[in-house]
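Listed here are the chains, written in short residue letters.
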Amino acid sequence: MSSPKRRIETDTLGRDAVGLIVRWWIGDEELMSDYEVTLVNDNMSVARFDQQEFYVRFKGPDETPFTGGLWKIHVELPDQYPYKSPSIGFVNRIFHPNIDELSGSVCLDVINQTWSPMYDMVNIFEVFLPQLLRYPNPTDPLNGEAAALMMRDAKSYEAKVKEYVAKYATKENVDDAGNDTDDSDEMSSVGSVGDDEDDEPVGTMDEV
């Protein structure tokens, strides 16, 4: 795991798109090679790029009802990163007690409350989000329907999750996700889910 000082230095070296993202992940290229990163709106202007927004494609963890699903995760880095947590949100729908179905906001303490500058994005995509999907907490829900169903009938809950995966979490859904939605202020932390206008993949980490 890279140090906060090192990550700040690498985050601010050059403001070209590939430079920011690759340097931001530097030291973890092999680990992150399965993640496709896409710039929000593919806009290279300084004013827009200062927002440090991009999408990451995230696969559902194995041996869970989310297996086989693919989600577009919107990420926004605050100016205070890594001392302040990034904002993240699911763009295409997911049925989960701790994820708002419409806004994509995530209820996850490590992001919203207990973030440490020693964490990085690898932790989010390799540990925190997979654990959230594996071990939902129905006692602190953002989706009351999912929480109630999970506590009442676990098999029906899993069936509903799989139904959503099949309906909303395919590659086609991810490609279309965000194209016809308005901006939202309900992302985890304080970010917003921006519109996706013909975004072009920056590429996987091992391609750069």
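The rules behind these values
For every chain, the first residue of its written sequence is number 1, and the numbers climb from 1 along that sequence. In keeping with the predicted nature of the model, local features appear solely for residues at pLDDT of at least 70, side-chain atom pairs appear and are counted solely at 80 or more, and the whole-chain, interface and lining totals rest on all residues. Only hydrogens and water are set aside; all other atoms, that is, all heavy atoms of the structure, feed into the side-chain values. Where helices and strands are cited, they refer to DSSP runs of H or I of at least four residues and of E of at least two residues respectively, numbered from the N terminus. With a 1.4 Å probe rolled over the protein chains alone, any residue whose accessible area is under 20% of its type maximum counts as buried; one over 50% counts as exposed, and the rest are partly exposed. The criterion used for residue contact is that any of the two residues' heavy atoms lie within 4.5 Å. In these tables, accessible area is a Shrake-Rupley quantity obtained with a 1.4 Å probe, and a residue counts as shielded only by the protein chains included in the view. Side-chain rings of Phe, Tyr and Trp (the six-membered ring for Trp) are treated as a pair once their centres are within 6.5 Å; stacked means planes under 30 degrees apart, edge-to-face means over 60, and tilted covers the remaining angles. For our purposes a nonpolar core is just a set of buried Ala, Val, Leu, Ile, Met, Phe, Trp, Tyr and Cys residues, chained together by side-chain atoms within 4.5 Å. Arc, as used here, means the arc of the directions from the helix axis to the C-beta atoms. Nitrogen and oxygen atoms within 3.5 Å of one another constitute a polar contact, given that in protein one can donate a hydrogen and the other can accept it, and given that sequence-neighbouring residues count only through two side-chain atoms. What pLDDT expresses is the predictor's confidence in each residue, scored from 0 to 100. UniProt positions are given in the numbering used here, feature names are shortened, and annotations may be inferred rather than shown by experiment. For a helix, the expected span equals 1.5 Å multiplied by the residue count minus one.

## Comments concerning the overall build of the chain
Move 1: Regarding its fold elements, the chain presents eight helices and five strands.
Move 2: Beginning at the N terminus, the succession of helices and strands in the chain can be written as α-α-β-α-β-β-β-α-α-α-α-α-β.
Move 3: Counting all 208 residues of the chain, 51% fall into the buried class.
Move 4: Restricting to contacts in the chain with at least 6 residues of sequence separation, those with at least 24 account for 63%.
Move 5: As presented, the chain carries roughly 10,100 Å² of accessible surface, and 47% of it is formed by carbon and sulfur atoms.

## Side note on the packing of aromatic side chains
Move 1: In total, this model carries eight aromatic pairs according to the counting rule given.
Move 2: Ring plane angle 70° and centroid distance 5.6 Å describe the contact between Trp115 and Tyr119, whose orientation is recorded as edge-to-face.
Move 3: When its relative accessible area of 12% is taken as the criterion, Trp115 is described as buried.
Move 4: Each residue in the set Phe95, Tyr157, Tyr164 and Tyr168 is aromatic and connected to the rest through ring pairs, giving one cluster.

## Quick word on the nonpolar core
Here is a general trend for soluble globular proteins: nonpolar side chains tend to be buried in one another's company.
Move 1: Judged by nonpolar contacts, the single largest core of 36 residues is most densely connected at Phe58, Trp71, Val75, Phe90 and Phe125.
Move 2: In terms of residue count, the dominant contributor to this core is helix α5 (residues 121–134) (seven residues).

## Examining unusual backbone geometry
Move 1: Note that the residue after Tyr81, namely Pro82, is joined by a cis bond; omega there is 10°.
Move 2: The topology assignment puts Pro82 in the loop between β3 (70–76) and β4 (87–90).
Move 3: Backbone geometry at Glu63 places phi at a positive 60°, although glycine is not the residue there.
Move 4: By secondary structure assignment, the location of Glu63 is in the loop between β2 (53–59) and β3.

## Here we look at helix α6 (residues 144–152)
Move 1: Among all positions in α6, only Ala146, Ala147 and Leu149 are buried. Buried residues along α6 cover an arc of 170° about the axis, so they all sit on one side. Relative to its buried face, α6 has exposed residues pointing more than 90 degrees away, namely Met151 and Arg152.
Move 2: Of the surrounding secondary structure, the elements contacted by the buried residues of α6 are α7 (154–168).
Move 3: A side-chain oxygen of the first residue of α6 lies 3.2 Å from the backbone nitrogen of Glu145; this N-cap is Asn143.

## Overview of the confidence of the model for the chain
Move 1: Averaged over all residues, the pLDDT of the chain equals 75, while 63% of them reach at least 70.
Move 2: Across residues 43–51 the pLDDT falls below 50, and counting only partners more than four positions away or on other chains, this stretch makes 16 contacts in the model.
Move 3: Segment residues 181–185: pLDDT under 50, and twelve contacts once partners within four positions in sequence are set aside and those in other chains are kept.

## With respect to the environment of Asn98
Move 1: Looking at the element boundaries, Asn98 is found in the loop between β4 and α4 (109–112).
Move 2: With 48 residues separating them along the chain, Asn98 and Ala146 place their C-alpha atoms 8.5 Å apart.
Move 3: Each residue touching Asn98, except ones within four places of it in the same chain, is listed here: Ser105, Val106, Cys107, Leu132, Pro136, Asn137, Asp140, Pro141 and Leu142.

## Observations regarding the UniProt feature "active site" (unreviewed entry) in the chain
Move 1: According to UniProt, the "active site" (unreviewed entry) feature falls on Cys107.
Move 2: Mapped onto the elements of the fold, Cys107 is located in the loop between β4 and α4.
Move 3: With residues near it in sequence (within four places) discarded, Cys107 still touches Asn98, Asn112, Leu132, Asp140 and Leu142.

## Here we look at α7
Move 1: With 15 residues, α7 should reach 21 Å at 1.5 Å per residue; the first-to-last C-alpha distance of 21 Å fits that figure.
Move 2: Those residues of α7 that sit buried are Tyr157, Val161, Tyr164 and Val165. One side of α7 carries all its buried residues, which in axial view fall inside an arc of 105°. Seen from the buried face of α7, the exposed residues on the opposite side, beyond 90 degrees, are Lys155, Ala166 and Lys167.
Move 3: Where the residues of α7 are buried, they touch β3 and α6.

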